[in-house]
Amino acid sequence: MSVLVAYASRYGSTAGIAEKIGEVLRDNGYGVVVQPVQAVREVSRYDAYVIGSSLYEFHWLKDATRFVRTHRMTLEQKPVWLFSSGPLGTAKTNDQGQDVRDGAG
Ligand SMILES: Cc1cc2nc3c(=O)[nH]c(=O)nc-3n(C[C@H](O)[C@H](O)[C@H](O)COP(=O)(O)O)c2cc1C
(Lines give C-alpha, C1' and ligand atoms only; values in the text may rest on other atoms or scores of the structure.)
Protein backbone atom coordinates (compact mmCIF):
# COMPACT_ATOMS: atom_id res chain seq x y z
CA MET A 1 0.00 0.00 0.00
CA SER A 2 1.40 3.41 -0.92
CA VAL A 3 0.78 6.49 1.18
CA LEU A 4 1.35 10.14 0.32
CA VAL A 5 2.23 12.34 3.27
CA ALA A 6 1.77 15.89 1.99
CA TYR A 7 2.26 18.96 4.13
CA ALA A 8 2.46 22.75 4.21
CA SER A 9 5.02 24.26 6.57
CA ARG A 10 6.31 27.79 7.00
CA TYR A 11 9.31 27.26 9.31
CA GLY A 12 9.84 23.50 9.14
CA SER A 13 7.98 22.18 12.19
CA THR A 14 5.19 20.58 10.21
CA ALA A 15 7.74 19.23 7.74
CA GLY A 16 9.43 17.49 10.66
CA ILE A 17 6.13 16.03 11.84
CA ALA A 18 5.36 14.83 8.31
CA GLU A 19 8.80 13.19 8.01
CA LYS A 20 8.24 11.43 11.33
CA ILE A 21 4.81 10.18 10.24
CA GLY A 22 6.42 8.92 7.04
CA GLU A 23 9.15 7.15 8.99
CA VAL A 24 6.64 5.35 11.22
CA LEU A 25 4.53 4.29 8.23
CA ARG A 26 7.66 3.02 6.44
CA ASP A 27 8.66 1.05 9.54
CA ASN A 28 5.22 -0.56 9.37
CA GLY A 29 5.73 -1.72 5.79
CA TYR A 30 4.00 1.00 3.79
CA GLY A 31 5.48 2.60 0.69
CA VAL A 32 5.63 6.27 1.59
CA VAL A 33 6.34 9.52 -0.21
CA VAL A 34 6.67 12.64 1.96
CA GLN A 35 6.41 15.94 0.08
CA PRO A 36 5.38 19.55 0.52
CA VAL A 37 1.98 19.99 -1.13
CA GLN A 38 3.53 22.34 -3.71
CA ALA A 39 5.85 19.57 -4.93
CA VAL A 40 3.20 16.87 -5.41
CA ARG A 41 2.75 16.17 -9.13
CA GLU A 42 0.71 12.98 -9.37
CA VAL A 43 -1.94 12.66 -6.69
CA SER A 44 -4.12 9.77 -7.85
CA ARG A 45 -1.50 7.01 -7.74
CA TYR A 46 -1.57 6.60 -3.94
CA ASP A 47 -3.79 4.31 -1.90
CA ALA A 48 -4.09 6.62 1.11
CA TYR A 49 -3.19 10.16 2.14
CA VAL A 50 -1.95 11.98 5.19
CA ILE A 51 -2.21 15.74 4.73
CA GLY A 52 -1.18 18.37 7.23
CA SER A 53 -0.56 22.05 7.70
CA SER A 54 0.57 24.36 10.42
CA LEU A 55 -2.00 26.81 11.75
CA TYR A 56 -1.61 30.56 11.47
CA GLU A 57 -4.35 32.73 12.91
CA PHE A 58 -6.54 29.62 13.28
CA HIS A 59 -6.23 28.66 9.61
CA TRP A 60 -4.31 26.14 7.54
CA LEU A 61 -1.73 27.57 5.17
CA LYS A 62 -3.30 28.42 1.81
CA ASP A 63 -1.21 25.90 -0.14
CA ALA A 64 -2.59 23.05 1.98
CA THR A 65 -6.20 24.21 1.69
CA ARG A 66 -5.78 24.66 -2.05
CA PHE A 67 -4.28 21.17 -2.37
CA VAL A 68 -7.26 19.54 -0.64
CA ARG A 69 -9.78 21.59 -2.64
CA THR A 70 -8.03 20.97 -5.96
CA HIS A 71 -7.80 17.21 -5.43
CA ARG A 72 -11.09 16.72 -3.59
CA MET A 73 -12.51 14.31 -6.18
CA THR A 74 -9.49 12.01 -5.89
CA LEU A 75 -9.16 12.28 -2.14
CA GLU A 76 -12.79 11.50 -1.38
CA GLN A 77 -12.37 8.04 -2.92
CA LYS A 78 -9.49 6.98 -0.65
CA PRO A 79 -8.64 6.97 3.06
CA VAL A 80 -7.49 10.45 4.14
CA TRP A 81 -6.09 11.54 7.50
CA LEU A 82 -5.68 15.26 8.17
CA PHE A 83 -3.50 16.81 10.84
CA SER A 84 -2.87 20.34 12.03
CA SER A 85 0.26 21.55 13.76
CA GLY A 86 0.17 24.45 16.17
CA PRO A 87 0.65 24.55 19.90
CA LEU A 88 -1.43 27.60 20.70
CA GLY A 89 -4.94 26.15 20.88
CA THR A 90 -7.85 28.49 20.28
CA ALA A 91 -7.46 30.90 23.21
CA LYS A 92 -6.03 34.31 22.29
CA THR A 93 -4.68 34.89 25.78
CA ASN A 94 -3.14 32.66 28.42
CA ASP A 95 -4.15 32.42 32.09
CA GLN A 96 -2.29 35.65 32.83
CA GLY A 97 -4.12 37.51 30.06
CA GLN A 98 -1.03 37.65 27.83
CA ASP A 99 -1.34 37.28 24.05
CA VAL A 100 -0.30 33.65 23.37
CA ARG A 101 1.38 34.76 20.12
CA ASP A 102 3.89 36.98 21.92
CA GLY A 103 6.32 34.12 22.38
CA ALA A 104 5.70 32.49 19.00
CA GLY A 105 7.84 32.60 15.91
C1 LIG B 1 1.93 34.55 13.84
C2 LIG B 1 1.63 33.15 14.30
C3 LIG B 1 0.32 32.71 14.37
C4 LIG B 1 0.00 31.43 14.83
N5 LIG B 1 -1.29 31.03 14.93
C6 LIG B 1 -1.60 29.80 15.46
C7 LIG B 1 -2.96 29.39 15.64
O8 LIG B 1 -3.89 30.08 15.30
N9 LIG B 1 -3.17 28.17 16.22
C10 LIG B 1 -2.16 27.36 16.62
O11 LIG B 1 -2.42 26.31 17.18
N12 LIG B 1 -0.86 27.71 16.40
C13 LIG B 1 -0.56 28.90 15.86
N14 LIG B 1 0.75 29.28 15.66
C15 LIG B 1 1.82 28.33 15.97
C16 LIG B 1 2.31 27.60 14.70
O17 LIG B 1 1.25 26.98 14.03
C18 LIG B 1 3.32 26.53 15.16
O19 LIG B 1 4.46 27.17 15.62
C20 LIG B 1 3.64 25.55 14.06
O21 LIG B 1 4.30 24.44 14.63
C22 LIG B 1 4.52 26.15 12.97
O23 LIG B 1 4.73 25.14 11.99
P24 LIG B 1 5.57 25.39 10.67
O25 LIG B 1 6.99 25.69 11.09
O26 LIG B 1 5.48 24.07 9.95
O27 LIG B 1 4.94 26.52 9.90
C28 LIG B 1 1.07 30.55 15.21
C29 LIG B 1 2.40 30.98 15.10
C30 LIG B 1 2.69 32.26 14.66
C31 LIG B 1 4.14 32.72 14.56
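Structure shown above.
Residues numbered from 1 in each chain as written. Predicted model: local features only at pLDDT ≥ 70, side-chain atom pairs only at ≥ 80, totals over all residues. Heavy atoms only, no water.

A. Fine view of the side chain of Ser-85. Topologically, Ser-85 is positioned in strand β5 (residues 80-85). When its relative accessible area of 9% is taken as the criterion, Ser-85 is described as buried. Only 3.0 Å separates the side chain of Ser-85 from the side chain of Thr-14, close enough to count as a polar contact. Non-local contacts of Ser-85, meaning those with residues more than four positions away in its chain, are made with Thr-14, Ile-17, Ser-53, Ser-54 and Leu-55. (Helix = DSSP H or I, 4+ residues; strand = E, 2+ residues; numbered from the N terminus. Buried < 20%, exposed > 50% of the residue type's maximum accessible area, 1.4 Å probe, protein only. Polar contact = N/O pair within 3.5 Å; in protein donor to acceptor, adjacent residues only side chain to side chain. Contact = heavy atoms within 4.5 Å.)

B. Fine view of helix α1 (residues 13-27). The first and last C-alpha atoms of α1 sit 21 Å apart over 15 residues, in line with the 21 Å expected at 1.5 Å per residue. Among all positions of α1, only Thr-14, Ala-15, Ala-18, Ile-21, Gly-22 and Leu-25 are buried. The buried side chains of α1 occupy one side of the element, clustering within an arc of 120° when seen end-on. Those residues of α1 that are exposed and aimed more than 90 degrees away from the buried face are Ser-13 and Asp-27. Check the buried side of α1 and you find it contacts β1 (2-8), β2 (31-36), β3 (48-56) and β5. Two residues or fewer past α1, Gly-29 is found with a positive phi of approximately 95°. (Expected span 1.5 Å × (residues − 1). Arc of directions from axis to C-beta.)

C. Quick look at the packing of aromatic side chains. Enumeration according to the criterion identifies three aromatic pairs in this entry. Where Tyr-11 meets Tyr-56, the ring centres are 6.5 Å apart and the plane angle is 65°; that geometry is what we call edge-to-face. Of this pair, Tyr-11 sits in the loop between β1 and α1 while Tyr-56 sits in strand β3, placing them 45 residues apart in sequence. Its relative accessible area of 65% is what places Tyr-11 among the exposed residues. Tyr-56 sits in the partly exposed class, given a relative accessible area of 28%. Pairing Trp-81 with Phe-83 gives two aromatic rings, centres 5.8 Å apart and planes at 25°, and the pair type is stacked. Overall, Trp-81 belongs to the partly exposed group, its relative accessible area being 48%. Positioned over the ring face of Tyr-56 is Arg-10, at 4.1 Å from the centre of the ring. (Phe/Tyr/Trp six-rings, centres within 6.5 Å; stacked < 30°, edge-to-face > 60°. Lys NZ or Arg CZ within 6 Å of the ring centre and 35° of its normal.)

D. Inspection of the pattern of salt bridges at higher detail. Tallying each qualifying case throughout the model produces two salt bridges. With its nearest N and O atoms 3.2 Å apart, the salt bridge here joins Lys-20 to Glu-23. On the criterion of helical spacing, the pair formed by Lys-20 and Glu-23 is a turn pair, its members being three residues apart in helix α1. Measuring nitrogen to oxygen at the nearest pair gives 2.9 Å for the salt bridge that ties Arg-66 to Asp-63. Separated by three residues within a single helix, Arg-66 and Asp-63 lie in helix α2 (residues 62-70), roughly one turn from each other. Look at Arg-66 and you get partly exposed, because its relative accessible area is 48%. (Salt bridge = Lys/Arg side-chain N within 4 Å of Asp/Glu carboxyl O.)

Purely geometric numbers; function is a separate question.
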